Amino acid sequence: MKKYLMGVALAALAAGAASAEEVKLQLKWVTQAQFAGYYVAKDKGFYKEEGLDVDIMPGGPDISPTQVMAGGGADVTVDWMPSALAAREKGLGLVNIAQPFKSSGMMLTCLKETGIKGPEDFKGKTLGVWFGGNEYPFLSWMATLKIPTDGSAGGITVLKQGFNVDPLLQKQAACISTMTYNEYWQVIDAGLKPDELVTFKYEDEGVATLEDGLYVMQDKLKDPAFKEKMVKFVRASMKGWKYAEAHPDEAAGIVLENDESGAQTETHQKRMMGEIAKLTAGSNGALDPADYERTVKILLGGGSDPVISKAPEGAYTLDITNAALK
């Protein structure tokens, strides 16, 4: 009888596992607290409660989320809106289904010894800039300031920055791109003190664009089953994000448990999670149309070479987040 009951239980578990809907999530970068909400949702069983089996796929310097989506390698991806809208204009039908990040963590970190006190002092300097889609907010900002980025007189020289802080430490650039939750602290850990630096947060400069949002291929939303699956995914993901905000140290620990590279440290991930919580605060997952319009306006303000040529239509949907919030 016991064997029979055990067999029934195992069969039920197998049936439950078999009926779970698979979701492939492509991250924008490597496993770190920037994506804590998703790891927390999986660890705490929030996805499982929704009947989902989520495969979280880390990104990296050689992985383009938009290319993964174009190739059908993921159901949903984390990307910045400038990159997603640029890809959409080129024909890739990405659409935003949720916006966990309310604020931008992007900024320029400069050496005070270069004499930079304000954006007007950028002229004649070399600035490190990330590419691969991350350059769009910077280029739009410079266009707004009417500062050429071609190295000409009265302009700046753009250094294509790798995903490290070496150009600043080696004084190859007066400023480099950093995130409030990551590279800035790498500069500090390398030995520079905060009073030796000058920072310019995109939020403070009025040129912040939306960062980590969730995107899917628009044509897949025509399938009611896929759309409902995304409702479940967003609901569980936001539950994970709010848990991470309320329990930052625990969330950092969950991220570390999922870091197969072993490159992350407890100190850095706890610090990162504390900063990330500031960026997700105030978001329930629904995209604020005003934030979207601000992002589009900034991207259109790219002078002779704007990031996008016109305001895109149908680039986001509130149906999924509204359904998830009910």
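The coordinates are above.
Residues numbered from 1 in each chain as written. Predicted model: local features only at pLDDT ≥ 70, side-chain atom pairs only at ≥ 80, totals over all residues. Heavy atoms only, no water.

Our next topic: the overall build of the protein. Tallying secondary structure elements over the protein gives 13 helices and 10 strands in all. The C-alpha radius of gyration of the protein comes to 21 Å, within 12% of the 20 Å expected for a compact globule of 326 residues. Once the C-alpha set of the protein is aligned to its principal axes, its extents read approximately 85 × 45 × 30 Å. When the 326 residues of the protein are sorted by exposure, 49% land in the buried category. Taking the intrachain contacts of the protein between residues at least 6 apart in sequence as the baseline, contacts between residues at least 24 apart amount to 80%. (Helix = DSSP H or I, 4+ residues; strand = E, 2+ residues; numbered from the N terminus. Rg over C-alpha atoms; globule rule 2.2 N^0.38 Å. Buried < 20%, exposed > 50% of the residue type's maximum accessible area, 1.4 Å probe, protein only. Contact = heavy atoms within 4.5 Å.)

Within this structure, the stated rule accounts for 12 aromatic pairs. Ring plane angle 65 degrees and centroid distance 6.3 Å describe the contact between Phe46 and Tyr243, whose orientation is recorded as edge-to-face. Residue Phe46 is located in helix H3 (residues 46–49), and its partner Tyr243 is located in helix H9 (residues 224–246); the two are separated by 197 residues in the primary sequence. Relative accessible area serves as the criterion here: at 21%, Tyr243 is assigned to the partly exposed category. Note on Trp141 and Tyr202: the rings are 5.0 Å apart at their centroids and 65 degrees apart in plane angle, and the pair reads as edge-to-face. Of this pair, Trp141 sits in helix H6 (residues 136–145) while Tyr202 sits in the loop between strand E9 (197–201) and strand E10 (213–217), and the two are 61 residues apart along the sequence. In terms of burial, Trp141 and Tyr202 fall into one category: buried. Among the aromatic side chains, those forming a connected cluster through ring pairs are Tyr38, Tyr47, Phe101, Phe233 and Trp241. Just above the ring of Trp80 sits the side chain of Lys28; from NZ or CZ to the centre is 5.0 Å. (Phe/Tyr/Trp six-rings, centres within 6.5 Å; stacked < 30°, edge-to-face > 60°. Lys NZ or Arg CZ within 6 Å of the ring centre and 35° of its normal.)

Next up on the list: the pattern of salt bridges. Side-chain pairing between opposite charges can occur once the charged atoms of the two side chains come close. Enumeration according to the criterion identifies 15 salt bridges in this entry. Note that Glu49 and Lys239 form a salt bridge whose closest N and O atoms lie 3.3 Å from each other. One end of the pair, Glu49, is in helix H3; the other, Lys239, is in helix H9, and 190 residues separate them in sequence. For Asp291, the salt bridge goes to Arg294, with nearest N and O atoms at 3.3 Å. Taken together, the residues Asp291 and Arg294, both in helix H12 (residues 289–300) and three residues apart, mark about one turn of the helix. Since its relative accessible area comes to 10%, Asp291 is described here as buried. Members of the salt-bridge network, linked through shared partners, are Lys102, Asp288, Asp291 and Arg294. (Salt bridge = Lys/Arg side-chain N within 4 Å of Asp/Glu carboxyl O.)

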